[in-house]
Structures are given as structure tokens and as C-alpha cells.
Amino acid sequence: AVSVIGPEGSVSFTDLAGEKGTVVAFFRSADWCPYCKKQLKEIDDISDELAGLGWPLMAVSYDDPAILAEFSGKHGLGYELLSDPESEVIRTFNLLNTDMKQGTRYYGIPHPAIFFVDRDRSVRAVLREDGYKDRPAMNIVLHIAEQL
């Protein structure tokens with residue numbers, strides 16, 4: 001059981017789970033990463049469909065909650081952007097980017113990935129590309145949601 005910070009305070013993945021579980025998109029930053037910003041807007045296009053399939057979407061980064069709220073509000077996102085300020089959840093999912101030096105602005109970022117976590121807190125599927133510039137296509141994300 002893991003918790004992150006949302007607009008209303010601390011929340012666990014199980015609190016946000018749908019009928020089948022939760023889709024968790026880990027991303028580097030909504031503040032400075034152009035690849036992440038693009039992905040966050042693209043994945044919004046399928047967030048309602050994912051929720052309808054029993055897999056509501058949430059996205060997690062080390063960004064401050066205020067940064068996430070500003071980005072979400074500016075783009076009218078229909079899903080939760082959640083903060084993991086100490087990168088505890090990012091570590092739990094073994095996604096911490098250890099290439100970033102401790103004490104720098106970038107320390108604590110995850111390797112981008114999308115996890116399907118079922119209601120029993122088991123990971124059912126993972127989508128992860130080799131480079132941070134590449135992200136899974138939205139049709140693949142939907143296909144997996146339909147199959148699980």
C-alpha cells in the first residue's frame with residue numbers, strides 16, 4: 001500500500017482504484033520535461049475510456065503538488081496528478097533514476113513507465129520504453145486495459 005499527495009492531501013492507490021484497479025503513469029516532471037507534458041496531455045484523451053474499462057488513471061512524479069495542480073488546471077486534465085515529493089513510491093516501483101545526482105534539481109525523478117495495478121495491489125502489466133523521450137502509444141495502453 002503506497003500513498004501520494006493529491007489536491008486534497010494524502011491518498012493511496014487503493015483509494016483511487018476502479019473496478020479492476022488503477023493505471024499509474026510515472027513521469028519525470030510537469031514543470032520542465034517537454035516529453036512528459038506531451039504524454040500527460042495525450043493520455044488525458046484516453047483517461048475516460050480507461051476509467052470506463054475499470055482502470056482509472058493517475059500520474060505520479062516528484063513535482064510539488066502546486067506545480068501539478070497548475071499544470072492540470074491549465075490543461076483541464078480529467079485525471080489525478082499526484083506528488084511523490086520524497087520519491088518513496090517511485091522507489092517502491094523500482095523506477096528511481098539513479099543517473100541523477102543527489103542534491104540536484106533532478107534527483108528523485110522516475111524512469112517513465114505505466115503500471116496496471118489491480119485491486120489486490122498486484123502489478124498486472126508494465127509499459128516502459130528504453131529512453132525517456134519515447135512513451136507508449138495510447139492505443140497500446142487502451143489495448144492492455146481491454147485485455148486485463
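For the structure given in this document, a descriptive report is provided here. Computed from a prediction, not measured in an experiment: that's the story for all the values here. (Residues numbered from 1 in each chain as written. Predicted model: local features only at pLDDT ≥ 70, side-chain atom pairs only at ≥ 80, totals over all residues. Heavy atoms only, no water.)

1. Considering the layout of surface pockets
Volume-wise, the largest pocket comes out at about 170 Å³. Taken together, 14 residues form the lining of the largest pocket, with Val2, Phe13, Phe93, Val117 and Arg121 sitting closest to its centre. Contributing elements (two or more residues each) for the lining of the largest pocket: β3 (21-26) and β6 (113-118). (1 Å grid on protein atoms, 1.4 Å probe; cavity = no way out; pocket = protein on both sides within 12 Å on 5 of 7 lines; lining within 4 Å. Points joined across faces, edges and corners; volume = space filled by probe spheres on them. Helix = DSSP H or I, 4+ residues; strand = E, 2+ residues; numbered from the N terminus.)

2. Description of the packing of helix α1 (residues 34-52) against helix α4 (residues 138-147)
Axis separation between α1 and α4 bottoms out at 10 Å; the angle between their running directions is 20 degrees. On the basis of the axis angle, α1 is roughly parallel to α4. Helix-helix and strand crossings are classified by hand; for α1 and α4 the assignment is right-handed. Facing α1, whose interface residues are Glu42, Ile43, Ile46, Glu49 and Leu50, α4 presents Met138, Val141, Leu142 and Ala145. Split into classes, the residues belonging to the contact of α1 with α4 amount to seven nonpolar, no polar and two charged. (Axes fitted to C-alpha atoms, helices over the stretch in contact; angles between N-to-C directions. Parallel < 35°, antiparallel > 145°, perpendicular 65-115°, else oblique. Left-handed = near helix turned anticlockwise from the far one by under 90°. Contact = heavy atoms within 4.5 Å. Nonpolar A, V, L, I, M, F, W, Y, C, P; charged D, E, K, R; others polar.)

3. A few points about the side chain of aspartate 63
Residue position: aspartate 63 is located in the loop between β4 (57-61) and α2 (65-75). It turns out aspartate 63 is buried and unbridged, and the closest side chain with the opposite charge, arginine 105, is 7.4 Å from it. At 2.6 Å, the side chain of aspartate 63 forms a polar contact with the backbone nitrogen of alanine 30. Residues in contact with aspartate 63, not counting those within four places in the same chain, are Phe27, Arg28, Ser29, Ala30, Asp31, Leu68 and Ser83. (Buried < 20%, exposed > 50% of the residue type's maximum accessible area, 1.4 Å probe, protein only. Lys, Arg positive; Asp, Glu negative; His and termini not counted. Salt bridge = Lys/Arg side-chain N within 4 Å of Asp/Glu carboxyl O. Polar contact = N/O pair within 3.5 Å; in protein donor to acceptor, adjacent residues only side chain to side chain.)

4. Things to note about the packing of aromatic side chains
Applying the stated criterion across every chain, the model contains six aromatic pairs. Between tyrosine 35 and tyrosine 132 the ring centres are 5.7 Å apart and the planes differ by 75 degrees, which places this aromatic pair in the edge-to-face class. Note that tyrosine 35 is positioned in helix α1 and tyrosine 132 in the loop between β7 (123-127) and α4, a separation of 97 residues in sequence. By relative accessible area, tyrosine 132 is classed as partly exposed at 35%. Relative to phenylalanine 116, the ring of tryptophan 55 lies with its centre 5.4 Å away and its plane at 80 degrees, an arrangement referred to as edge-to-face. (Phe/Tyr/Trp six-rings, centres within 6.5 Å; stacked < 30°, edge-to-face > 60°.)

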